[in-house]
Amino acid sequence: MTFDELSALRPDLAFIAHWVPNNAHVLDVGCGEGVMLQYLQSDKDCSGYGIEIADDKVLASTLRGVNVIQQDMEKGLAIFGDNSFDTVLCLSSLQMMKQVEPLLRDIVRVGAEAIVSFPNFAYWPHRVALLKGRMPVSKSLPYQWYDTPNVRCATINDFRELAEECGLEVIECVALAEGKMVSVLPNLRGDLAVFRLRKKAVH
């Protein structure tokens, strides 16, 4: 898969991909259909694994040539040792977890760096929907309230606080809209939050 193909398919993943170094050993937690790992393997010579629970997505990942482990992310990453990976990805799946904090700690335990993305609940159309008395539905939150897999709603500011509580250093934080970075009022104008994290150095 080329960068242009990735950009056309998932502009958010195309932006995030530039944070993953060439030849990195990568774990993609909640890898979905394996699009990101397929690109990283073919274009950046990365190696690694995906974790996914849904049968159809495991099959799709396998057909893309991705090494995928069928496992419930909620059960943690105990099968991997500390610092087993250069980069751990958790893209648009953390908000589907009941226990966000333990998984976040596990993600940075097994990886030197982590990249986490999630729908930004503070995005202005979401706020407008709430002002109208309705739960938001958008490209980043495409589900109705009664059938959504998302069990957690967070804003950029909320997640920054959680990262601090977990003893993590925020290397970079950006808000994306249609896969492009939003620099002015990101918590209001970005529909997807992306954080690049690592464990704080112990002095």
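Since this is a predicted model, take the numbers as computed values, not measurements.

Calculation notes
Residues numbered from 1 in each chain as written. Predicted model: local features only at pLDDT ≥ 70, side-chain atom pairs only at ≥ 80, totals over all residues. Heavy atoms only, no water. Helix = DSSP H or I, 4+ residues; strand = E, 2+ residues; numbered from the N terminus. Buried < 20%, exposed > 50% of the residue type's maximum accessible area, 1.4 Å probe, protein only. Contact = heavy atoms within 4.5 Å. Areas by Shrake-Rupley, 256 points an atom, 1.4 Å probe, with all protein chains shown as cover. Lys, Arg positive; Asp, Glu negative; His and termini not counted. Charge placed at Lys NZ, Arg CZ, Asp CG, Glu CD. Axes fitted to C-alpha atoms, helices over the stretch in contact; angles between N-to-C directions. Left-handed = near helix turned anticlockwise from the far one by under 90°. Nonpolar A, V, L, I, M, F, W, Y, C, P; charged D, E, K, R; others polar. Salt bridge = Lys/Arg side-chain N within 4 Å of Asp/Glu carboxyl O.

Caption draft 1: Quick peek at the overall build of the protein. The number of helices and strands found in the protein is 8 helices and 8 strands. Principal-axis analysis of the C-alpha atoms places the extent of the protein at approximately 45 × 45 × 30 Å. The burial tally for the protein puts 49% of its 203 residues in the buried class. Counting only contacts in the protein whose residues sit at least 6 apart along the sequence, the fraction spanning at least 24 positions is 64%. Total accessible area computed for the protein in this model is approximately 10400 Å², and 53% of it derives from carbon and sulfur atoms. A gap of 5 Å separates the mean positions of the 20 positive and 26 negative side-chain charges of the protein.

Caption draft 2: Main features of the packing of helix α5 (residues 100-110) against helix α7 (residues 156-165). Packing of α5 against α7 brings their axes to within 11 Å, and their N-to-C directions diverge by 65°. The two elements α5 and α7 meet at a crossing, and its hand is right-handed. Contact residues: V100, E101, L104 and R105 in α5; F159, L162 and E165 in α7. Within the contact of α5 with α7, the residues separate by chemical class into 4 nonpolar, no polar and 3 charged.

Caption draft 3: Representation of the side chain of D191 in the model. By secondary structure assignment, the location of D191 is in the loop between α8 (186-189) and β8 (192-199). Summary of buried charges: D191 has no salt-bridge partner, and the nearest side chain of opposite charge, K139, is 7.1 Å away. In this structure, D191 is in contact with F118, P119, N120, Y123, S140, L176, A177 and E178, ignoring residues within four places of it in sequence.

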